[in-house]
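# Descriptive analysis of the structure
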Amino acid sequence: GGWRRMEIVEASDSEPDEALAAKEAKPKAAAAKPASAPAEGFRRMQIVEADESDEEEPAKPQSPGVAVATPEPFPDIKLAANVKGIEEAKTRANSLFAQGSLEECVRWFSKGIWLAESKKVKGVPSDLHSILHSNRSFAYIKLKRWGEAEGDCSKALALNPKNT
C-alpha cells in the first residue's frame, strides 16, 4: 500500500503529431537522457501525491444503536411530534402528489420520515414508517430521481417486507 511519487510528462503543443511519432520510433538508447531533462519537445510536469502521514484521521464509527442527530429538515413544515403528526404529513404529501406537486410532496414525506427516524416520536408503527418511504419513492420515480427512489424502496421493504 501507500502512495507513490508519479511524474507526468506532457507533449508540447508546438510540435506536429508526425514529429512525435518519429521520436517514439527512435531506439531506447537514444532516448536515454538524464532524468532531469525531458525528451526534446516535451516539458516536465511534476505531480506529487500525499503520503500516508498527511492523511486526516478517519472518522470514528458510531456505536451501534446510537442515533445520529440530524438537523430538522424543512423547518417551515410544522407537525406535531406524535404519530398523528406523522399521519398528517403522509396525508398532506399524498394530497400534494395527487395535485402533481411532486417536490412539495417529497418535502412532506421527508419531514414525516425525519420525525419517525429522529426518535422524536416514540412507537411509530413500522407499516406507517414503511409507507412514508414507499410513497416518497413513488414521487422520486415520477421525478426521475432513481437513486433516491431505490433507497426508499429498500428502506420500505426493510421496515415492512409485506409492503409490495
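A brief structural summary. All figures in this text were calculated on a predicted structure; none of them were measured in a lab. (Residues numbered from 1 in each chain as written. Predicted model: local features only at pLDDT ≥ 70, side-chain atom pairs only at ≥ 80, totals over all residues. Heavy atoms only, no water.)

## Topic: the packing of aromatic side chains
The test is simple: Pairing of aromatic side chains here covers Phe, Tyr and the six-membered ring of Trp, requires ring centres within 6.5 Å, and sorts the geometry by plane angle: under 30 degrees stacked, over 60 edge-to-face, intermediate tilted. Geometrically, a lysine NZ or arginine CZ counts as sitting over a ring once it is within 6 Å of the ring centre and also within 35 degrees of the ring normal.
For the structure shown, the criterion picks out one aromatic pair. The ring of Trp108 has Arg92 sitting right over it, with the charged end atom 5.5 Å from the ring centre.

## Thoughts on the environment of Ser95
Just so we agree on the cut-off: Strands here mean DSSP runs of E at least two residues long; helices mean DSSP runs of H or I at least four residues long; both are numbered from the N terminus.
With respect to the helices and strands, Ser95 occurs in helix 3 (residues 83–98). Once the C-alpha coordinates of Ser95 and Cys105 are considered, the two residues, 10 residues apart in sequence, prove to be 7.9 Å apart.

## Considering the packing of helix 3 against helix 5 (residues 126–142)
The line we're drawing: Angular values range over 0 to 180 degrees, each being the angle between N-to-C directions of two axes fitted as lines to C-alpha atoms, with helices fitted over their stretch in contact. Any angle between 65 and 115 degrees counts as roughly perpendicular, while under 35 counts as roughly parallel, over 145 as roughly antiparallel, and the rest as oblique. Helix crossings get a hand from a simple test, with the near helix turned counterclockwise from the far one by less than a right angle marking a left-handed crossing and a clockwise turn marking a right-handed one. Contacts: residue pairs with any heavy atoms within 4.5 Å of one another. Residues are grouped as follows: Ala, Val, Leu, Ile, Met, Phe, Trp, Tyr, Cys and Pro are nonpolar; Asp, Glu, Lys and Arg are charged; all remaining types, including Gly, are polar.
Interhelical geometry of helix 3 versus helix 5 gives an angle of 25 degrees and a closest axis separation of 11 Å. Between helix 3 and helix 5, the angle falls in the class roughly parallel. Crossing of helix 3 over helix 5 shows left-handed handedness. Facing Val83, Ile86, Glu87, Lys90, Asn94 and Phe97 of helix 3, the residues of helix 5 in contact are Leu128, Ile131, Leu132, Asn135, Phe138, Ala139 and Lys142. For the contact of helix 3 with helix 5, a count of residues per class yields eight nonpolar, two polar and three charged.

## With respect to the side chain of Asp152
Mapped onto the elements of the fold, Asp152 is located in helix 6 (residues 146–159). Those residues in contact with Asp152 that lie beyond four places of it in its chain are His133, Arg136, Ser137 and Tyr140.

## Considerations on the packing of helix 3 against helix 4 (residues 102–117)
Where helix 3 contacts helix 4, the two axes come as close as 8 Å, and the packing angle between them is 165 degrees. Between helix 3 and helix 4, the angle is such that the two are roughly antiparallel. For the pair helix 3 and helix 4, the sense of crossing is left-handed. Residues Ile86, Ala89, Lys90, Arg92, Ala93, Asn94, Leu96 and Phe97 of helix 3 form the contact with helix 4, whose own contacting residues are Leu102, Glu104, Cys105, Trp108, Phe109, Gly112, Leu115 and Ala116.

## Let's talk about helix 6
For clarity, the cut-off: A helix's residues, less one, multiplied by 1.5 Å, set its expected span. Working definition: with a 1.4 Å probe on protein chains only, accessible area under 20% of the residue-type maximum means buried, over 50% means exposed, and in between means partly exposed. Here the arc refers to the set of directions running from the helix axis out to each C-beta atom.
Under the 1.5 Å per step criterion, the end-to-end length of helix 6 is 20 Å for 14 residues, consistent within 8% with the ideal 20 Å. Here helix 6 has its buried residues at Ala149, Asp152 and Ala156. In a view along the axis of helix 6, the buried residues occupy a sector of 65 degrees, so they form one face of it. Across helix 6 from its buried face, at more than 90 degrees, point the exposed residues Trp146, Gly147, Glu150 and Ala158. On its buried side, helix 6 packs onto helix 5.

## So, a nonpolar patch on the surface
Using the following cut-off: Within the patch definition used here, like charges are joined within 9 Å and nonpolar side chains (Val, Leu, Ile, Met, Phe, Trp, Tyr) within 5 Å, considering only residues with over 30% relative accessible area and no salt bridge. Per-residue accessibility takes into account occlusion by the displayed protein chains alone, with areas from the Shrake-Rupley method and a 1.4 Å probe. Should a side-chain nitrogen of Lys or Arg be within 4 Å of a carboxyl oxygen of Asp or Glu, the pair is scored as a salt bridge.
The grouping of Phe138, Ile141 and Trp146 at the surface amounts to a nonpolar patch, some 320 Å² of accessible area in total. Along the chain, Trp146 falls in helix 6. The class for Trp146 is exposed, based on a relative accessible area of 52%.

## A look at the pattern of salt bridges
By the definition in use, this model includes seven salt bridges. Glu104 is paired through a salt bridge with Arg107; the nearest N and O atoms lie 2.8 Å apart. Placement of the pair is Glu104 and Arg107 together in helix 4, with a separation of three residues, close to one helical turn. For Arg107, a relative accessible area of 19% corresponds to the buried category. Close ionic contact of Glu148 with Arg145 constitutes a salt bridge, the shortest N to O distance being 2.8 Å. Judged by relative accessible area, Glu148 falls into the partly exposed class, the value being 37%. Each of Asp76, Glu104 and Arg107 takes part in one network of salt bridges that share partners.

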